[in-house]
Amino acid sequence: MLKDPSKKRHLAKTITWRIVGTIDTMVLGWIISGNPMTGVKIGGLEVATKMILYYFHERAWFKINFGLPSRTDHKKEEK
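Residues numbered from 1 in each chain as written. Predicted model: local features only at pLDDT ≥ 70, side-chain atom pairs only at ≥ 80, totals over all residues. Heavy atoms only, no water.

Asker: Let's hear about helix α2 (residues 36-63): which residues, and what values?
Answerer: The end-to-end C-alpha distance of α2 is 40 Å, a good match for the 40 Å that 28 residues give at a rise of 1.5 Å each. At Val 47, α2 shows its largest bend, some 35°. Inspection of α2 places Gly 39, Gly 43, Glu 46, Tyr 55, Glu 58, Arg 59 and Phe 62 among the buried residues, and these make up the whole buried set. In this structure Asn 35 caps α2, since a side-chain oxygen of it lies 2.8 Å from the backbone nitrogen of Met 37. (Helix = DSSP H or I, 4+ residues; strand = E, 2+ residues; numbered from the N terminus. Expected span 1.5 Å × (residues − 1). Bend = angle between axes of the 7 residues up to and from the residue. Buried < 20%, exposed > 50% of the residue type's maximum accessible area, 1.4 Å probe, protein only. Polar contact = N/O pair within 3.5 Å; in protein donor to acceptor, adjacent residues only side chain to side chain.)

Pasting the structure below:
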């Protein structure tokens, strides 16, 4: 499915970051509402959308050179 090692890495980072972010969202939802199930529901709804958004955000940043001195090795990898 994913042959590019950078894509595998981006996907792994996406998943692990989403776990951290979802736990944070659930806890905040619980604190704000006072109901742990509300936190779980909020966390469940946001997990998929934020994973997708983060993946595409990460891929977009991977394709630009902003803040990097040189990306010549990156251009060779893509060919």
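Asker: So what about the packing of helix α1 (residues 5-33) against α2? Which residues, and what values?
Answerer: Describing two packed helices takes the angle between their axes plus the distance from one axis to the other. Taken N-terminus to C-terminus, the directions of α1 and α2 make an angle of 150°; their axes are 7 Å apart at the nearest point. On the basis of their axis angle, the class for α1 and α2 is roughly antiparallel. In this structure, α1 meets α2 at a crossing whose hand is right-handed. Among the residues making up the contact of α1 with α2, the classes are represented as 13 nonpolar, eleven polar and seven charged. (Axes fitted to C-alpha atoms, helices over the stretch in contact; angles between N-to-C directions. Parallel < 35°, antiparallel > 145°, perpendicular 65-115°, else oblique. Left-handed = near helix turned anticlockwise from the far one by under 90°. Nonpolar A, V, L, I, M, F, W, Y, C, P; charged D, E, K, R; others polar.)

Asker: A description of the pattern of salt bridges should follow, citing residues and the corresponding values.
Answerer: The final tally for this structure, using the stated rule, is three salt bridges. Here Glu 58 ties to Lys 13 by a salt bridge, and the two come within 3.3 Å at their closest N and O atoms. With a gap of 45 residues between them, Glu 58 in helix α2 and Lys 13 in helix α1 connect regions that are remote in the sequence. In this structure, Glu 46 engages Arg 18 in a salt bridge whose closest nitrogen and oxygen atoms are separated by 2.8 Å. Taken together, the residues Glu 46 in helix α2 and Arg 18 in helix α1 connect sequence positions 28 residues apart. Accessibility expressed as a relative area gives 9% for Glu 46, which makes it buried. (Salt bridge = Lys/Arg side-chain N within 4 Å of Asp/Glu carboxyl O.)

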